[in-house]
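# What the coordinates show
As a plain string of letters, each chain reads:
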Amino acid sequence: MSKALITGITGQDGSYLAELLIEKGYEVYGLVRRCSTPNYGRIRHIMDRITLLDGDLLDTSSLIRIIKKVHPDEIYNLAAQSFVAASFSQPILTGETTALGALRLLEATRLVDKGIKFYQASSSEMFGKVRETPQTEQTPFHPRSPYGVAKTFAHYSGMNYRESYDMFVCGGILFNHESPRRGLEFVTRKISDGVARIKLGLSDKINLGNLDAKRDWGFAGDYVKAMWMMMQQDRPDDYIIATGETHSVGEFAKEAFKVIGVNDWENYVGRDEAYMRPAEVDYLIGDYSKAKNQLGWEPEMRFEQLVSTMVEADIKLLSSKKECPTEY
């Protein structure tokens, strides 16, 4: 039985990846930080099929100890301070966790066993002020946030360990991917939750930032499949995972309101300068042809289905007052 260690297992991607690996017969371990109030909502339904271990990306000794104990075949580094807005107010923490945390985990892996396969979660935010459209694996990076800078550092660290130590390190440059398990601080979930609240009479307005920013949005459940597929290849490489379509925040809101039968959506959306970034990333769209040709991967859930899935899940969640949806 193959063994996998997932950092960030309690997050959106971690929970979907854990489910996928369990289905494929893996023994799944998750790295979690010790805290007084654990946030296991996304993985509660699989807690009896995974093993959680206390550790921290800020503590190299804990990483070495866990890797020695588990000796996994594959490590998926999904943990990060992953909210772009928070990275502007907490740039040092973002750098320590997202950038140096990845480096610590790479070094711990090298010290224990260079033969362990390693997946590094990279991000389309590395492209930032884009140099070409659509973005490919060869597009130069120009990050526009501390988060994007930290992810770029982590991505290049992975490349360096692959080339310097002949380690199997894959970088998945994932464009925006959403689901009902997305955190409420992210704009897509803020919209789906806000629309659900308006539908149920719990609110009458959603405050958003830049409605014109365009993103390439896919379904997180599709994207974790690509992570696993990268790790099954004969040679490690970096891949863009995207849909090849772009939609603005305003389009996402319009589609969300359509789910509840509201056409004059602009009347329910307000602008709040607090949600504007100091340096905006205006347009992201990925070319996933390399992943399609080499991995055989393609996105399955389309934009409209993704939006309706999120809105319907939030309506159900708010109606039942459950902590976290697990149906999707």
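If you're wondering where the values come from, they're calculated on a predicted model, not measured in any experiment. (Residues numbered from 1 in each chain as written. Predicted model: local features only at pLDDT ≥ 70, side-chain atom pairs only at ≥ 80, totals over all residues. Heavy atoms only, no water.)

## Focus: the sheet that holds strand β5 (residues 117-123)
The strands that make up a sheet pair up through hydrogen bonds in the backbone, lying either parallel or antiparallel. Under the convention used in this document: Strand pairing requires that DSSP identify at least two bridges connecting the strands. Working definition: helices are DSSP H or I runs of at least four residues, strands are E runs of at least two. Numbering for both runs from the N terminus. Axes, fitted as lines to C-alpha atoms, cover a helix only where it is in contact. Angles between the N-to-C directions of the axes lie from 0 to 180 degrees. Residues count as neighbours in contact if any of their non-hydrogen atoms are within 4.5 Å of one another.
If you trace the 7 strands from one edge of the open sheet to the other, you get β3-β2-β1-β4-β5-β6-β11, paired in parallel fashion. In the strand order of this sheet, the two ends are held by β3 (50-54) and β11 (238-241), each with one partner. On average, each strand axis in the sheet is inclined to that of its neighbour by 20°, with strand direction left out of account. Pairing of strand β6 (residues 169-174) with β11 involves 4 bridges; the strand directions are parallel. Within β11, the residue paired with Leu 174 across the bridge is Ile 241. This element, helix α1 (residues 12-23), spans β1 (3-7), β2 (27-32), β3, β4 (74-77) and β6 of the sheet and lies at about 170° to β1. Of the strands in this sheet, β1, β4, β5 and β6 are in contact with helix α4 (residues 91-112), which crosses β5 at around 170°.

## Some words on the confidence of the model for the chain
Put simply, the rule is: pLDDT is defined as a per-residue confidence score from the predictor, taking values between 0 and 100.
Considering every residue of the chain, the mean pLDDT works out to 94; 96% of them sit at 70 or more. Every residue in residues 322-328 scores below 50 in pLDDT, and together they form 20 contacts with partners more than four places removed in sequence or on other chains.

## A look at the nonpolar core
How we decide: Here, the term nonpolar core denotes a set of buried Ala, Val, Leu, Ile, Met, Phe, Trp, Tyr and Cys residues that are joined through side-chain atoms within 4.5 Å. Summary of the burial criterion: residues with accessible area below 20% of their type's maximum are buried, those above 50% are exposed, and those between are partly exposed, where the area comes from a 1.4 Å probe applied to protein chains only.
Counting residues in each nonpolar core, the largest one holds 64 residues, and the members touching the most others are Tyr 76 and Tyr 119. The dominant element in this core, judged by the number of residues it contributes, is helix α7 (residues 220-231), at 9 residues. Discounting chain neighbours no more than four positions away, the residues touching Tyr 76 are Ala 4, Leu 5, Ile 6, Thr 7, Leu 17, Leu 21, Tyr 119, Met 227, Trp 228, Met 231 and Gln 232. Within the second largest apolar cluster, 19 residues are counted, among which are Leu 31, Ile 67, Ile 116 and Tyr 161.

## Some remarks on the packing of aromatic side chains
A ring pair, where both rings are aromatic, is described by two values, the distance of the centres and the angle of the planes. Which entries qualify depends on this criterion: Only Phe, Tyr and Trp rings are paired, with Trp represented by its six-membered ring, and only when their centres lie within 6.5 Å; those with planes under 30 degrees apart are stacked, over 60 edge-to-face, the remainder tilted. Placement of a charge over a ring requires the Lys NZ or Arg CZ to be within 6 Å of the ring centre, with the centre-to-atom vector within 35 degrees of the ring normal.
In this structure the tally under the stated criterion is 13 aromatic pairs. Relative to Tyr 156, the ring of Phe 141 has its centre 5.6 Å away and its plane inclined at 65°; by these criteria the two rings are edge-to-face. Of this pair, Phe 141 sits in the loop between β5 and α5 (146-165) while Tyr 156 sits in helix α5; the two residues are 15 residues apart in sequence, bridging distant segments of the chain. A relative accessible area of 15% places Phe 141 in the buried class. Between Tyr 223 and Trp 297 the ring centres are 5.5 Å apart and the planes differ by 85°, which places this aromatic pair in the edge-to-face class. Here Trp 297 lies in the loop between α9 (289-295) and α10 (303-320) and Tyr 223 lies in helix α7, a separation of 74 residues in the sequence. Counting every residue linked through ring pairs, the aromatic cluster contains Phe 127, Phe 141, Tyr 156 and Phe 175. Positioned over the ring face of Phe 168 is Lys 117, at 4.6 Å from the centre of the ring.

## Brief notes about the pattern of salt bridges
This is how it is decided: In the sections that follow, a salt bridge refers to a side-chain nitrogen of Lys or Arg positioned within 4 Å of a carboxyl oxygen of Asp or Glu.
The full count for this structure, using the stated rule, is 13 salt bridges. Residues Asp 48 and Arg 49 are paired through a salt bridge, measuring 3.9 Å at the closest nitrogen-oxygen approach. Overall, the relative accessible area of 69% leaves Asp 48 in the exposed class.

## Comments concerning the packing of helix α8 (residues 249-259) against α10
Put simply, the test is: In this scheme, roughly parallel covers angles under 35 degrees and roughly antiparallel covers those over 145, while 65 to 115 is roughly perpendicular and the rest are oblique. Crossing handedness follows the turn of the near helix against the far one: under a right angle anticlockwise gives a left-handed crossing, and clockwise gives a right-handed one. Note on residue categories: nonpolar means Ala, Val, Leu, Ile, Met, Phe, Trp, Tyr, Cys or Pro, charged means Asp, Glu, Lys or Arg, and polar means any other residue, Gly included.
Put simply, α8 and α10 touch, their axes get as near as 9 Å, and they point 60° apart. Judged by the inter-axis angle, α8 sits oblique to α10. Note on packing geometry: the crossing formed by α8 with α10 is right-handed. Contact with α8, carried on its side by Glu 251, Phe 252, Glu 255, Ala 256 and Val 259, involves Phe 303, Glu 304, Val 307, Ser 308, Met 310, Val 311 and Glu 312 of α10 and no other residues of that element. Grouping the constituent residues of the contact of α8 with α10 by class yields 7 nonpolar, 1 polar and 4 charged.

## Observations regarding α5
Just so we agree on the cut-off: To estimate how far a helix should reach, multiply one less than its number of residues by 1.5 Å.
Taking 1.5 Å of rise per residue, the 20 residues of α5 would be expected to cover 28 Å, and the 28 Å separating its terminal C-alpha atoms lies within 8% of that figure. Restricting attention to buried positions, one finds in α5 the residues Tyr 147, Gly 148, Ala 150, Lys 151, Thr 152, Ala 154, His 155, Ser 157, Gly 158, Tyr 161 and Arg 162. For α5, the secondary structure elements touched by its buried residues are α3 (84-89), α4, β5, β6 and β11. With its phi angle positive at about 55°, Asp 166 sits one or two positions after the end of α5.

## Observations concerning the packing of helix α2 (residues 60-70) against α4
Direction vectors running N to C along α2 and α4 enclose 45°, while the axes themselves pass 9 Å from each other. Relative to α4, the element α2 lies oblique. As for how α2 packs across α4, the hand of that crossing is right-handed. Contacts between α2 and α4 involve Thr 60, Leu 63, Ile 64, Ile 67 and Lys 68 on the former and, on the latter, Arg 104, Leu 105, Ala 108, Thr 109, Leu 111 and Val 112. Split by residue class, the contact of α2 with α4 holds 7 nonpolar, 2 polar and 2 charged.

## Some words on the pairing of β4
Every other side chain in a regular strand lies on the same face of the sheet, so the side chains alternate between the two faces. Every second residue of β4 is oriented toward a common face, with Glu 74 and Tyr 76 on one face and Ile 75 and Asn 77 on the other, all of them buried. Here 4 bridges tie β1 to β4, and the two strands are oriented parallel to one another. Counted as the bridge partner of Ile 6 is Tyr 76 from β4.

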